[in-house]
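# Per-entry structural report
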Amino acid sequence: MKKGFVRTLTAAAILGSLLTGCGSKAASQPEESSGAVQESGAANKDAVKVRILTRFSNPDSVREKYFMDMVAKFQEENPDILLEDVSISDEESHDTLFKTAVAAGDPIEVFNFLGYAANLDYVKNGVITDVSDIIEEDPAWTEHYIDALFAPVDYSDYGVEGIYGLPNAPYGVCCFYNKAIFDEVGLELPETWEDIEAAAPVLIEKGYVPMAFGAKDNYRAGHFLTALSMKYYGDDLKNNLINGETAWNGPETVALIEMMQKWYESGLFGTNNLAYDANGELAKLESGEAAIIFSGSWNIATINEFDNVADIVCKGFPYFASKPEFKDQWMGGPDDFMSMTAKPGDDNYEASVRVLKFFTSQEYWQGLYEVQGGGGTFPVKFDQVIEADPLTTQFNEYYNNAANMIGEIEQFSPMTSLMDTVRTEVTTIFADDRAQDIADRIQETVDAYQAAQ
């Protein structure tokens, strides 16, 4: 069993996986459930039904198409199980689907789980299944996994023993630059926020969006706020917000939101941000409309399919020249986890275990590793390393120097609704809301939660 919950991961804990490449997360996806059910399973009236819920439903994404192909492969190889893929790309819709199923007393059997303290209630209430016994019974299943990546699904610090999922991929929030645009306007690729602020007026004058920001997906605001906080405060702000030493409407958080507000108002993020999502960011990068997008290692495989991939350069999330001590502080670490809700004694428990093991097996990761040509971050180590693509190599030049990394700030709070609250409220800067008002509303929500405890 893998134990030892840690709330902050160092880069050293995951360098083993990074040497093999950097990852792909579900960012470029359509907004409907794939609902894939193979005929071979449907034809067997005695097949045991198991549902699987991920955010992988976009056949244009390399990682997601691989998952969809593997659903079909599993069904072909396991006709005694009817595997229903109910994956849905939109994060809010995905979460709502799972919550609705839980409320109805029929939780989806295998699904991707965020982990961290924000999902503690699911664990304490017995919704999520402890898989530590399965791991102990089949040690070969997880022998190649990076142990440190299990930390966010080990809740022993909260008095709950066990392991509640298998990690998907390590990730890091980074930026992608269209170098051809910078060459055209005679600018060097920026490394710092001061550089980007200086370049923005030149890019705007030439008709380019300096940094596309698809605010239609509210998680973009949450990711940006955390990544920005790490470059400005390190993890001090996260720690102080979670332990209550600092209020969400204190000067530290307000200062970050004010930066985002200032950049939006200056045109640095472009216009009509609420009209497009993360897919739109990628489209603007590929079309040459945007000079930069802030994104993550999960999109490297997708960007490698761009017609203009030769023009794209990957760098770390910009740091502040005025805050060099936080240059190597990152938002990143474990991606989400594949978990299950089926329990021993359930009619579909054994079938659910087979599904869980299939989509978290070394063979599954090896296949994805090969499909992505060595690109991507992975939760496992491989015996043979495939030479990585240029974007992966560039990403790792930055990521391998990370001194510290955290997931989204709200993931460390036991207040399960905090993540959506922060994301939704910060997104309102794109509707001309003010930083102090945004922070005040977040703190009011936190205060109400604490008063009810």
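This one's a predicted model, so the numbers in the text were calculated from it and none came from an experiment.

## Brief notes about the overall build of the protein
Along its length, the protein carries 18 helices and eleven strands. For the protein, the C-alpha radius of gyration of 21 Å lies close to 22 Å, the compact-globule estimate for 453 residues. Projected onto its principal axes, the C-alpha positions of the protein cover 65 × 55 × 40 Å. Buried residues in the protein amount to 59% of all 453 residues. Taking the intrachain contacts of the protein between residues at least 6 apart in sequence as the baseline, contacts between residues at least 24 apart amount to 80%. When the accessible surface of the protein is split by element, carbon and sulfur atoms take 47% of a total near 17,200 Å². Counting 31 positive and 74 negative side-chain charges, the protein places the averaged centre of each group 1 Å from the other.

## Quick notes on the pattern of salt bridges
Within this structure, the stated rule accounts for 17 salt bridges. Here K315 makes a salt bridge to E191, at a shortest N to O gap of 2.6 Å. Linking K315 in strand β8 (residues 312–316) with E191 in the loop between α7 (179–185) and α8 (193–205), this pair joins segments that are 124 residues apart in sequence. Each of R51, D106 and E109 takes part in one network of salt bridges that share partners.

## Description of the side chain of D389
Inspection of the secondary structure puts D389 in the loop between α15 (362–371) and α16 (390–399). One buried charged residue, D389, forms no salt bridge at all, with the nearest opposite charge on R63 at 14 Å. Within the structure, D389 has its side chain in polar contact with the backbone nitrogen of L391 (distance 3.1 Å). In this view, D389 contacts I300, N304 and G375; residues no more than four positions away in its chain are not counted.

Criteria and cut-off values
- Residues numbered from 1 in each chain as written.
- Predicted model: local features only at pLDDT ≥ 70, side-chain atom pairs only at ≥ 80, totals over all residues.
- Heavy atoms only, no water.
- Helix = DSSP H or I, 4+ residues; strand = E, 2+ residues; numbered from the N terminus.
- Rg over C-alpha atoms; globule rule 2.2 N^0.38 Å.
- Buried < 20%, exposed > 50% of the residue type's maximum accessible area, 1.4 Å probe, protein only.
- Contact = heavy atoms within 4.5 Å.
- Areas by Shrake-Rupley, 256 points an atom, 1.4 Å probe, with all protein chains shown as cover.
- Lys, Arg positive; Asp, Glu negative; His and termini not counted.
- Charge placed at Lys NZ, Arg CZ, Asp CG, Glu CD.
- Salt bridge = Lys/Arg side-chain N within 4 Å of Asp/Glu carboxyl O.
- Polar contact = N/O pair within 3.5 Å; in protein donor to acceptor, adjacent residues only side chain to side chain.

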